[in-house]
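Inside the fold
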Amino acid sequence: MTPGLRYLPGHLALPDQRQLVENLRAAVAAAPLFVPVMPRTGRPFSVRMTNLGPLGWVSDRGGYRYQPGHPVSGTPWPPIPPLLLDLWRSLSGYPHDPEACLVNFYSGGAKMGLHRDEDEEDFSAPVVSVSLGDTAVFRIGGPDRGGRTTTIKLQSGDVLVMGGAARLCYHGIDRVLGGTSTLLKDGGRINLTLRRVRKP
Ligand code: MD6
Ligand code: FE
């Protein structure tokens, strides 16, 4: 496994997963899921998104960036729930709190192409990822596109930390395996990624 990649299967107990789903219901009511589109082409993502925290990641025809408010309403993003801040403090090894929590919602045939998380200023902080709901096939490679890749099945409650050399590795979601979890009433999958954006 890539140095700096930590895979923590079942790290979040079921009551904590349920708590997060409750937190997310309230957050999505305040900051609705939006459909990002690819820079230049305007092609829509199959994943719907929202964010928590002082900054949120958005993608539109103008490019990828972090901004303080929702792309449709302009309203500030809801706060990152305490449970996620505790998770970050216990796992990140980074002395400052995250500034962004990207919420990805996968339904139907949603997937995510191979990409690197590189829109942040501070790569010394890891990205901490939490999976909720249906199992996903997560693919991870090296720092260059086109290299060898491996897959990990991410189940509800699994946590992944991408730091060190893994921080800038290519990764994506091949597919979500429907009907593998009952956590979300209507099925699907939620992925939360906690990020530090700016240098402190
Ligand atoms: C997902 N995850 O699991 C997509 N990025 O749905 C990511 O893109 C990701 O899991 C950076 C670090 C960890 C991740
Ligand atoms: Fe990513």
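Everything that follows concerns the structure shown earlier in this document.
The paragraphs below set out a description of the structure included in this document. Quantities reported herein were computed from a predicted structural model and do not represent experimental measurements.

Scoring rules and cut-offs
- Residues numbered from 1 in each chain as written.
- Chains lettered and ligands numbered in written order.
- Predicted model: local features only at pLDDT ≥ 70, side-chain atom pairs only at ≥ 80, totals over all residues.
- Heavy atoms only, no water.
- Helix = DSSP H or I, 4+ residues; strand = E, 2+ residues; numbered from the N terminus.
- Buried < 20%, exposed > 50% of the residue type's maximum accessible area, 1.4 Å probe, protein only.
- Contact = heavy atoms within 4.5 Å.
- Areas by Shrake-Rupley, 256 points an atom, 1.4 Å probe, with all protein chains shown as cover.
- Lys, Arg positive; Asp, Glu negative; His and termini not counted.
- Charge placed at Lys NZ, Arg CZ, Asp CG, Glu CD.
- Donors = N, O, S within 2.8 Å, 3.2 Å for Na, K, Ca; no water.
- Expected span 1.5 Å × (residues − 1).
- Arc of directions from axis to C-beta.
- Phe/Tyr/Trp six-rings, centres within 6.5 Å; stacked < 30°, edge-to-face > 60°.
- Near = heavy atom within 4 Å.
- Polar contact = N/O pair within 3.5 Å; in protein donor to acceptor, adjacent residues only side chain to side chain.
- Nonpolar A, V, L, I, M, F, W, Y, C, P; charged D, E, K, R; others polar.

Next up on the list: the overall build of the protein chain. Along its length, the protein chain carries two helices and twelve strands. Its helices and strands taken in sequence order, the protein chain reads β-α-β-β-β-α-β-β-β-β-β-β-β-β from the N to the C terminus. When its C-alpha atoms are laid out on the principal axes, the protein chain stretches across 40 × 35 × 35 Å. Evaluated residue by residue, the protein chain yields a buried proportion of 52% over its 200 residues. A separation threshold of at least 6 residues defines the contact pool for the protein chain, and within that pool the share at least 24 residues apart is 73%. By element, 53% of the accessible surface of the protein chain is carried by carbon and sulfur atoms, the whole surface being about 9500 Å². One way to put it: in the protein chain the 23 positive side-chain charges average out to a point 6 Å from where the 17 negative ones average out.

Mapped onto the fold, A100 is located in strand β5 (residues 100-106). Given the relative accessible area of 0%, A100 is considered buried. Once residues within four sequence positions are removed from consideration, A100 is found in contact with L52, L55, Y66, I80, T193, L194, R195 and V197.

The protein atoms donating to the iron ion (ligand 2) are H115 (NE2), D117 (OD) and H171 (NE2), with metal-donor distances spanning 2.1 to 2.2 Å. For the iron ion (ligand 2), all donor residues lie on one chain, and their spacing in sequence is H-x1-D-x53-H. Of this pair, H115 sits in strand β6 (residues 112-115) while H171 sits in strand β11 (residues 171-177), and the two are 56 residues apart along the sequence.

A word on helix α1 (residues 14-30). The end-to-end C-alpha separation of α1 is 25 Å, in line with the 24 Å expected for 17 residues at 1.5 Å each. Along α1, the residues classified as buried are Q17, L20, V21, L24 and A27. On an axial view of α1, the arc spanned by its buried residues comes to 125°, and they lie on one face. Opposite its buried face, α1 presents the exposed residues P15, R18, A26 and A29, each directed more than 90 degrees away. Check the buried side of α1 and you find it contacts β2 (48-52), α2 (82-91), β5, β7 (127-133) and β12 (189-195).

In the structure shown here, the tally under the stated rule is four aromatic pairs. Between F45 and W57, the aromatic rings sit 6.4 Å apart at their centres with planes inclined by 65°, giving edge-to-face as the arrangement. Of the two residues, F45 sits in the loop between α1 and β2 while W57 sits in strand β3 (residues 56-60), which places them twelve residues apart along the sequence. An identical accessibility class is assigned to F45 and W57; each is buried. Counting every residue linked through ring pairs, the aromatic cluster contains F45, W57 and Y64.

It is worth spelling out the site of ligand 1 at this point. Surrounding ligand 1, one finds Y106, H115, D117, V127, S129, F138, M162, H171, I173, R189, N191 and T193. Within the side chain of Y106, a nitrogen or oxygen atom sits 2.4 Å from an oxygen atom of ligand 1. Interatomic distance of 3.1 Å between a side-chain N/O atom of S129 and an oxygen atom of ligand 1. Considering ligand 1 on its own, with 340 Å² of exposed area, one finds that the protein chains cover 99% of that surface. Mapped onto the shell around ligand 1, the elements with two or more residues apiece are β7, β11 and β12. Looking at which element gives the most residues to the shell around ligand 1, the answer is β12, with three residues. A breakdown of the residues in the shell around ligand 1 according to their chemical character gives five nonpolar, five polar and two charged.

Just distances and angles here, no functional claims.
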